[in-house]
Amino acid sequence: MGIVLLGPPGSGKGTQGRLLAERLGVRHLSTGVLLRDEASSGTDLGRKIAPYLDRGELAPDDLTMAVVEPAVAAARAEGGYVLDGFPRTLDQASHLPEDDIAVHLDLPDDVARVRLAERDEGRSDDDDPTVIDHRLRVYHERTAPLLELYGSRGRLITVDADQPPEAVAGAIAAALEARS
Ligand code: ADP
């Protein structure tokens with residue numbers, strides 16, 4: 001069972017990832033959390049990653065893969081994953097099985113901006129409107145093309161993410177149910 005969550009920053013990937021992984025009994029992996037942990041641990045790899053996180057840039061694929069690949073492999077060996085924040089580029093998607101299902105948390109940019117400005121998780125990349133705008137731009141340029149990729153495989157579910165978390169979770173569950 002492999003599910004990837006696609007959606008702009010602020011669309012609820014973390015919340016829905018946790019809920020969905022619990023429901024399915026698989027691991028929830030957030031690449032943002034994995035990368036931030038690596039960055040704050042002060043390893044050589046972490047020191048290389050940190051500046052990208054601060055600027056709202058994607059970390060380069062080789063650095064990202066070094067952190068993410070072992071975690072994905074371990075989750076796969078244990079029966080599956082819900083990935084939150086990966087893949088974010090077409091190249092990253094090529095590292096995952098073609099039968100993974102993508103869940104698109106669809107949210108207008110203006111709603112995402114408000115949510116990120118209100119979010120208070122001590123993340124410096126949420127504090128600066130310029131960094132927020134940049135992350136949204138990066139999402140549209142680099143990650144949104146993945147919607148077409150998963151869509152062309154018939155493996156894309158789109159839900160309206162501009163609803164309370166329980167309603168979004170319900171919509172995801174119903175859409176997955178309808179496929180099985
Ligand atoms: P959000 O989706 O709300 O921006 P995340 O915690 O998923 O938050 O990601 C935060 C930051 O971590 C991104 O802006 C980027 O710098 C980095 N990041 C996360 N996932 C990836 C990835 N798959 N590839 C490269 N960088 C990533």
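Calculation notes
- Residues numbered from 1 in each chain as written.
- Predicted model: local features only at pLDDT ≥ 70, side-chain atom pairs only at ≥ 80, totals over all residues.
- Heavy atoms only, no water.
- Helix = DSSP H or I, 4+ residues; strand = E, 2+ residues; numbered from the N terminus.
- Near = heavy atom within 4 Å.
- Polar contact = N/O pair within 3.5 Å; in protein donor to acceptor, adjacent residues only side chain to side chain.
- Areas by Shrake-Rupley, 256 points an atom, 1.4 Å probe, with all protein chains shown as cover.
- Salt bridge = Lys/Arg side-chain N within 4 Å of Asp/Glu carboxyl O.
- Buried < 20%, exposed > 50% of the residue type's maximum accessible area, 1.4 Å probe, protein only.

(A) Seen up close, unusual backbone geometry. Of note, the amide linkage connecting Phe-86 to Pro-87 takes the cis form, showing an omega dihedral of 0 degrees. Looking at the element boundaries, Pro-87 is found in the loop between β3 (81-84) and α5 (90-93).

(B) Structural detail: the site of the ligand. As a matter of local geometry, the ligand sits amid 21 residues, with Thr-31, Glu-57, Gly-85, Arg-88 and Gln-92 nearest to it. A distance of 2.8 Å separates a nitrogen atom of the ligand from a polar atom in the backbone of Gly-85. At 3.1 Å, a side-chain N or O of Arg-119 approaches an oxygen atom of the ligand. Coverage of the ligand by the protein chains reaches 97% of its 550 Å² of free accessible surface.

(C) The pattern of salt bridges, seen in detail. Evaluated as defined, the whole model comprises 7 salt bridges. Residue Asp-44 pairs with Arg-47 through a salt bridge whose shortest N-O separation is 2.8 Å. Of this pair, Asp-44 and Arg-47 both sit in helix α3 (residues 44-55), 3 residues apart, which is roughly one turn of the helix. Accessibility classification places Asp-44 together with Arg-47 in one group, the exposed group. A salt bridge links Asp-125 to Arg-135; its shortest N-O distance comes to 3.8 Å. One end of the pair, Asp-125, is in the loop between α6 (109-118) and α7 (129-143); the other, Arg-135, is in helix α7, and 10 residues separate them in sequence. Looking at Asp-125, the relative accessible area reads 10%, which means it is buried. According to the relative accessible area criterion, Arg-135 is buried, its value standing at 9%. Among the ionic contacts, a cluster of salt bridges with common partners joins Arg-119, Arg-123, Asp-125, Asp-126 and Arg-135.

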